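What the coordinates show
So the chains spell out like this:
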Amino acid sequence: MNWFHFDDFLAGWIGGASSVIVGHPLDTVKTHLQAGKRYKNTLHCVLQIYRKETVAGFFKGLSFPLASITVYNSVVFGIFNNTQRVISKFRYGDERQPCGMLDLTLASMLTGLMSVGLGAPVDLVKIRLQIQTLPCLAENLNLAGTTGNGNIAVRSMTLQGQPTYRGPIHCICSILQTEGIRGLYRGAGAMVLRDVPGYTLYFIPYALFRRWLSSEGRSSPHLCSICVSGGLAGSISWVTATPADVVKSRLQADALHTRKYRGIVHCIVQSYKTEGIHVFFRGASVNAIRGFPMSATMFLGYELSLQFFRAL
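The written sequence of each chain sets the order in which its residues are numbered from 1. Reporting of local features is limited, given that this is a predicted model, to residues whose pLDDT is at least 70; pairs of side-chain atoms are given and counted only at 80 or more, and all residues count toward the totals for whole chains, interfaces and linings. Water and hydrogen atoms were dropped before computing side-chain values, which therefore reflect all heavy atoms in the structure.

**Describing the overall build of the protein**
Secondary structure assignment for the protein yields twelve helices and zero strands. A run of H or I in DSSP counts as a helix once it spans at least four residues, and a run of E counts as a strand once it spans at least two, with each numbered from the N terminus. When the helices and strands of the protein are read in sequence order from the N terminus, they spell out α-α-α-α-α-α-α-α-α-α-α-α. Out of the 312 residues belonging to the protein, those deemed buried represent 53%. For the protein, the proportion of contacts with a sequence separation of at least 24, taken over those separated by at least 6, is 79%. For the protein, the accessible area works out to roughly 14800 Å², and carbon and sulfur atoms hold 65% of it. Throughout this description, buried means an accessible area under 20% of the type-specific maximum (1.4 Å probe, protein chains only), exposed means over 50%, and partly exposed covers the range between. By definition in these notes, contact holds between two residues if any of their heavy atoms fall within 4.5 Å. Throughout, the Shrake-Rupley method with a 1.4 Å probe supplies accessible areas, and for residues the shown protein chains are the sole cover considered.

Listed below in structure tokens is the structure:
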């Protein structure tokens, strides 16, 4: 097991914590845009969240991502780098042999597939906490067609003056009680469709950009090249993953009060029928914007931590 390096996991944890703090406000905006229909555009969404919930609204549900997504990113980077070593060991007989593009692609796809086991419940709880606002409650009940005149929706808003979930632990317990273990993995299929190609278009561009931007003769890449490479890779990955991310977000936000979608195909068909093809690119601009600072911070934190640990 000489190929297994624990420092990759620890460095991924540090990078993940940095990226969560930087990207959570825009992630909240992205979730509201994708799961709801009452926003005209990104700016309107930002203003509505601020008016109803002030600055605190953008950080709703931050404690759970900070505690869990850091672990998730630790697993992602740990799996990705250790998988590369396994591939190099079996293909070239030396774990230190740099991976080729095909090897990196395989490692990226396996990382995306394996990450869903931990990432699906984390994303589900994060989205449920982010989306639980009273306007969403009224919208969900109206969309479900409970009554023709909206009386029940208004009455429900009066009766349920408190958020559905008091926090991440209460959210997990409520989902387990009402939906079982399968409920925690709602949207996991869409997450596979998002993350397998998504991580390929995350790690490959990063490796290419870092190679192009790095100065020859340097033993380690410059900090600017890490930030730019990581930021560009994040924007590319998130923009291309937006259609699958829309479907995943809708499936995971679904069943907050009523269930509208039976599965991935039904969600795609219903979303297309009611909102057209543009719905699958809702939040793409936010993804492009948030993807840059989040991923730049992620890779910078990861690379610097890894250099520090290996210098000890």
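**Considering the packing of aromatic side chains**
Any two rings among Phe, Tyr and Trp, with Trp reduced to its six-membered ring, count as a pair given centres within 6.5 Å; such a pair is stacked if its planes are under 30 degrees apart, edge-to-face if over 60, and tilted if neither. Under the criterion given, the structure shown has 13 aromatic pairs. Summarising the aromatic geometry, the rings of Tyr199 and Tyr202 are spaced 6.0 Å apart at their centres and angled 75° between planes, so their arrangement reads as edge-to-face. Note that Tyr199 and Tyr202 are positioned in helix α8 (residues 188-213) at a spacing of three residues, about one turn of the helix. No difference in accessibility class separates Tyr199 from Tyr202, as the two residues are buried.

**Focus on the pattern of salt bridges**
We count a salt bridge whenever a side-chain nitrogen from Lys or Arg sits within 4 Å of a carboxyl oxygen from Asp or Glu. If you walk through the whole model with that rule in mind, you get 19 salt bridges. A salt bridge links Lys30 to Asp245; the nearest nitrogen and oxygen atoms lie 3.2 Å apart. Taken together, the positions of Lys30 in helix α1 (residues 7-35) and Asp245 in helix α10 (residues 242-253) put the pair 215 residues apart, joining distant regions of the chain. The exposure class assigned to Lys30 is buried, which follows from its relative accessible area of 2%. One salt bridge in this structure joins Glu275 and Arg282, with 2.8 Å as the shortest N-O distance. Neither Glu275 nor Arg282 differs from the other in exposure class; each is buried. It is possible to trace a salt-bridge network through shared partners that takes in Asp27, Lys30, Asp123, Lys126, Arg194, Asp195, Asp245, Lys248 and Arg290.

**Quick word on empty space enclosed by the protein**
Definitions used throughout: a 1 Å grid over protein atoms alone; a cavity as a set of points that fits a 1.4 Å probe which cannot get out; a pocket as an open set with protein on both sides within 12 Å along at least five of seven lines; a lining residue as one with an atom within 4 Å of a point. Grid points are joined across faces, edges and corners, and a volume is the space filled by probe spheres set on the points. Tallied over the entire structure, the rule returns two cavities of 30 Å³ or more. Taken as a whole, the largest cavity holds about 500 Å³ of empty space. Together, 27 residues line the largest cavity, and Tyr72, Tyr199, Trp238, Arg290 and Met294 are the ones closest to its centre. Counting residues per element, the ones that place at least two in the lining of the largest cavity are α1, α3 (63-92), α4 (101-131), α8, α9 (223-240) and α12 (284-311). A per-class count over the lining of the largest cavity returns twelve nonpolar, eight polar and seven charged. We call Asp, Glu, Lys and Arg charged. Ala, Val, Leu, Ile, Met, Phe, Trp, Tyr, Cys and Pro are nonpolar, and the rest, Gly among them, are polar.

**Comments concerning the side chain of Ser74**
Residue position: Ser74 is located in helix α3. By the criterion applied in these results, polar contacts are pairs of N or O atoms within 3.5 Å in which, for protein atoms, one can donate a hydrogen and the other can accept it, and in which residues neighboring in sequence qualify only through two side-chain atoms. Engagement of the side chain of Ser74 in a polar contact is seen with the backbone oxygen of Phe9, the distance being 2.6 Å. Ser74 has contacts with Asp8, Phe9, Leu10, Gly12 and Trp13, leaving out every residue within four places of it along the chain.

**With respect to the environment of Ser225**
Mapped onto the secondary structure, Ser225 falls in helix α9. For Ser225, a relative accessible area of 5% puts it in the buried group. In sequence terms Ser225 and Phe209 are 16 residues apart; their C-alpha atoms lie 7.9 Å from each other. Leave out the neighbours within four places in its chain, and Ser225 touches Leu213 and Ser214. Within the structure, the side chain of Ser225 is placed 2.6 Å from the backbone oxygen of His222, a separation counted as a polar contact.

**Details of α3**
One less than the number of residues in a helix, times 1.5 Å, gives the span that helix is expected to have. Under the 1.5 Å per step criterion, the end-to-end length of α3 is 43 Å for 30 residues, consistent within 8% with the ideal 44 Å. Note on bend: at a given residue it equals the angle between the axes fitted to the 7 residues ending there and to the 7 starting there. Taken as a whole, α3 carries its principal kink of about 25° at Ile69. Just downstream of α3 lies Gly93, where phi reads positive at about 80°.

**Focus: the confidence of the model for the protein**
Residues shown with low pLDDT carry predicted positions that ought not to be read at fine detail. Counting all residues, the mean pLDDT for the protein is 83, and 85% of those residues have values of 70 or more. Low pLDDT, under 50, characterises residues 134-160; the stretch is placed with 32 contacts to residues that sit more than four places away or in other chains. pLDDT runs from 0 to 100 and stands for how confident the predictor is about each residue.

**Concerning the packing of α4 against α10**
For the pair α4 and α10, the least separation of the axes is 9 Å and the interaxial angle reads 70°. When the axis of α4 is compared with that of α10, the two are roughly perpendicular. Note that α4 runs across α10; the crossing there is right-handed. Of α10, the residues touching α4 (which contributes Ala120, Asp123, Leu124, Ile127 and Arg128) are Lys248, Ser249, Gln252 and Ala253. In the contact of α4 with α10, the residues fall into four nonpolar, two polar and three charged. Axes here refer to lines fitted to C-alpha atoms; in helices the fit is confined to the stretch in contact. Angles between the N-to-C directions go from 0 to 180 degrees. Working definition: roughly parallel below 35 degrees, roughly antiparallel above 145 degrees, roughly perpendicular at 65 to 115 degrees, and oblique for all remaining angles. Crossing handedness: left-handed means the near helix sits turned counterclockwise from the far one by under a right angle, and right-handed means the same turn made clockwise.

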